[in-house]
Amino acid sequence: MSSFTLAHLSDPHLPPMPAARLRDLAGKRALGYLNWIRNRHKYHRRDVLDAIVSDMQAQAPDHIAVTGDLVNIALEAEFEPSRTWLESIGPPGRVSVVPGNHDAYVRATSNRFAQAWAGYLGDDQGRDGASSFPSLRRRGPLALISLSSAVPTAPLMATGQLGHTQIDALARLLAGLSTEQAFRVLLIHHPLRSNAYTKRLTDSHLLLALLKQHGVELILHGHDHVHSTIWIEGPHGSIPALGVPSASAIAHRQHPAAAYNLFSIQRDGAVWQVEQIVRGIDEGLRVRELRRVRLI
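Residues numbered from 1 in each chain as written. Predicted model: local features only at pLDDT ≥ 70, side-chain atom pairs only at ≥ 80, totals over all residues. Heavy atoms only, no water.

Enquirer: Explanation requested: helix H2 (residues 46-58) in the structure shown.
Expert: An α-helical segment advances 3.6 residues per turn. Residues three or four places apart therefore align on the same side. Helix length check: H2, at 13 residues, gives a terminal C-alpha distance of 18 Å against a target of 18 Å (1.5 Å per residue), a fit within 8%. Residues Val48, Leu49, Ala51, Ile52, Val53, Asp55 and Met56 constitute the buried set of H2. In this structure, the buried side of H2 is in contact with strand E1 (4-9), strand E2 (63-66), helix H3 (76-89), strand E10 (259-268), strand E11 (271-281) and strand E12 (287-294). Once H2 finishes, Ala60 follows within two positions and takes phi at roughly 55°, a positive value. (Helix = DSSP H or I, 4+ residues; strand = E, 2+ residues; numbered from the N terminus. Expected span 1.5 Å × (residues − 1). Buried < 20%, exposed > 50% of the residue type's maximum accessible area, 1.4 Å probe, protein only. Contact = heavy atoms within 4.5 Å.)

This is the structure in structure tokens:
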């Protein structure tokens, strides 16, 4: 079987932030807007994001996964540009998206992403929108399983939650896939383990229990804005779970500069083989290969 290439980027936090109206800046949004004006606008840059996307497209991946936080404080004015950006990456059939906590930042627009990104969230059964999770897309040898951990939270909190309805549906989906030879990829915004109380996936124990029982081959997430690889217990061994830096960021404090992952996936007899290629940006806004690892 020829190899299938999956690209993964996350947390573009699309710059620049649209102008906000005073009436929009109540509660959590006020703090988020202030943080953007004072800090985050210095680190999230459109030229960086454009360089990352251009390089990714030059690699001609078969499919692209975007694991959330396209917008910043979920202003109504942010969602149409986010749709335009998705369309610049590729059509809905070639791009899969899951929402992040910033995409559901406040209750007033907590489901607005589902309208703006129609088609990019949908599954192969024609379901679309916020209620379609978990969703299943089959692309080549891949079974792409998308989850939504995006929920509005209190100020200073960035936690995620799946909820029992989504967990129960995921259990049925994974059970159905367990007898197939598909390469199962789980897409979620929040990491499955976190030491940060304010940023954790609150019901990760339920998801971890499901994965221990049924397994997947690969987990992709965002949220932490760092390179990360952890190993999750599965039914037949450990499952790699990988995160990436923000796709629009310059290096700052503990956060590395923007990068994305490429996964070359192929089956050799009864065994899957996966090579991870990490490509990231340097000070001259040039994107180069950072490392290449045989993951599985």
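Enquirer: Could you clarify how one ought to interpret the sheet that holds E2 in this entry?
Expert: Pairing between the strands of a sheet is mediated by backbone hydrogen bonds and can be parallel or antiparallel. With mixed pairing, the 6 strands of this open sheet are ordered in space as E3-E2-E1-E10-E11-E12. On the outer flanks of this sheet lie strand E3 (95-97) and E12, each paired with one strand and no other. The sheet shows a mean angle of 20° between the axes of neighbouring strands, direction not considered. Pairing of E1 with E2, which is carried by 4 bridges, proceeds in the parallel orientation. Within E2, the residue paired with Leu9 across the bridge is Val66. (Pairing = 2+ DSSP bridges. Axes fitted to C-alpha atoms, helices over the stretch in contact; angles between N-to-C directions.)

Enquirer: How should I be thinking about the sheet that holds strand E7 (residues 218-221) in this particular structure?
Expert: An order of E4-E5-E6-E7-E9-E8 is seen for the 6 strands of this open sheet, with the pairing classed as mixed. Of all strands in the sheet, those with a lone pairing partner are strand E4 (135-139) and strand E8 (228-234), marking the two edges. This sheet shows a mean twist of 25° between the axes of neighbouring strands, independent of strand direction. Of the pairings in the sheet, the one linking strand E6 (residues 183-187) to E7 comprises 3 bridges and is parallel in character. Paired with Val185 across the strands is Leu218, a residue of E7. Here helix H5 (residues 164-177) sits on the sheet in contact with E4, strand E5 (142-146) and E6, set at roughly 170° to E5. Along the sheet, helix H6 (residues 204-214) makes contact with E6, E7, E8 and strand E9 (237-243), crossing E8 at roughly 65°.

Enquirer: Would you take a moment to explain the nonpolar core for this structure?
Expert: A general feature of soluble globular proteins is that nonpolar side chains tend to end up buried together. Core analysis: the biggest nonpolar cluster contains 58 residues, and Leu6, Leu9, Trp85, Val97, Trp117, Val185 and Phe263 have the highest contact counts within it. With near-sequence residues (within four places) excluded, Leu6 lies in contact with His63, Ile64, Ala65, Leu142, Leu144, Val185, Leu220, Asn261, Leu262, Phe263 and Ile265. Of all hydrophobic cores here, the second largest spans 23 residues; its members include Leu173, Val216, Ile219 and Ile239. (Core = buried A, V, L, I, M, F, W, Y, C linked by side-chain atoms within 4.5 Å.)

Enquirer: Any chance you could explain the packing of H2 against H3 here in plain terms?
Expert: A pair of packed helices can be characterised by two numbers: the angle between their axes and the separation between those axes. Packing of H2 against H3 leaves a shortest axis separation of 11 Å and a crossing angle of 30°. It follows from the interaxial angle that H2 and H3 lie roughly parallel. Taken together, the residues of H3 that come into contact with H2 (itself represented by Arg46, Leu49, Val53, Met56 and Gln57) are Trp85, Ser88 and Ile89. Among the residues making up the contact of H2 with H3, the classes are represented as 5 nonpolar, 2 polar and 1 charged. (Parallel < 35°, antiparallel > 145°, perpendicular 65-115°, else oblique. Nonpolar A, V, L, I, M, F, W, Y, C, P; charged D, E, K, R; others polar.)

Enquirer: Can you walk me through the packing of aromatic side chains in this structure?
Expert: The geometry of an aromatic ring pair is captured by two quantities: the separation of the ring centres and the angle between the planes. Under the counting rule described, the total for this entry stands at 2 aromatic pairs. Centroid distance Phe183 to Trp272: 5.2 Å. Interplanar angle 75°. Geometry classified as edge-to-face. Of the two residues, Phe183 sits in strand E6 while Trp272 sits in strand E11, which places them 89 residues apart along the sequence. Under the relative-accessibility criterion, Phe183 is labelled buried at 0%. Looking at Trp272, the relative accessible area reads 10%, which means it is buried. Sitting over the face of the ring of Tyr105, Lys28 holds its NZ or CZ atom 4.6 Å from the ring centroid. Taking the ring centre of Tyr197 as reference, the NZ or CZ of Arg200 above it sits at 4.0 Å. (Phe/Tyr/Trp six-rings, centres within 6.5 Å; stacked < 30°, edge-to-face > 60°. Lys NZ or Arg CZ within 6 Å of the ring centre and 35° of its normal.)

Enquirer: Explain the pairing of E9 here, please?
Expert: The element E9 is largely enclosed, with a buried count of 5 among its 7 residues. When E7 meets E9, the two strands line up parallel, connected through 3 bridges. Across the sheet, residue His221 finds its bridge partner in E9, namely Gly243. Where E8 meets E9, 7 bridges bridge the pair, whose relative direction is antiparallel. The partner of Glu233 across the bridge, within E9, is Ser238.

Enquirer: Looking at this model, I keep getting lost on H3. Mind explaining?
Expert: Taken together, the buried positions of H3 are Glu78, Phe79, Ser82, Arg83, Trp85, Leu86 and Ile89. Along the axis of H3, the buried residues cluster in a sector spanning 165°; they form a single face. Those residues of H3 that are buried lie in contact with E1, H2, E2, E3 and helix H4 (112-116). (Arc of directions from axis to C-beta.)

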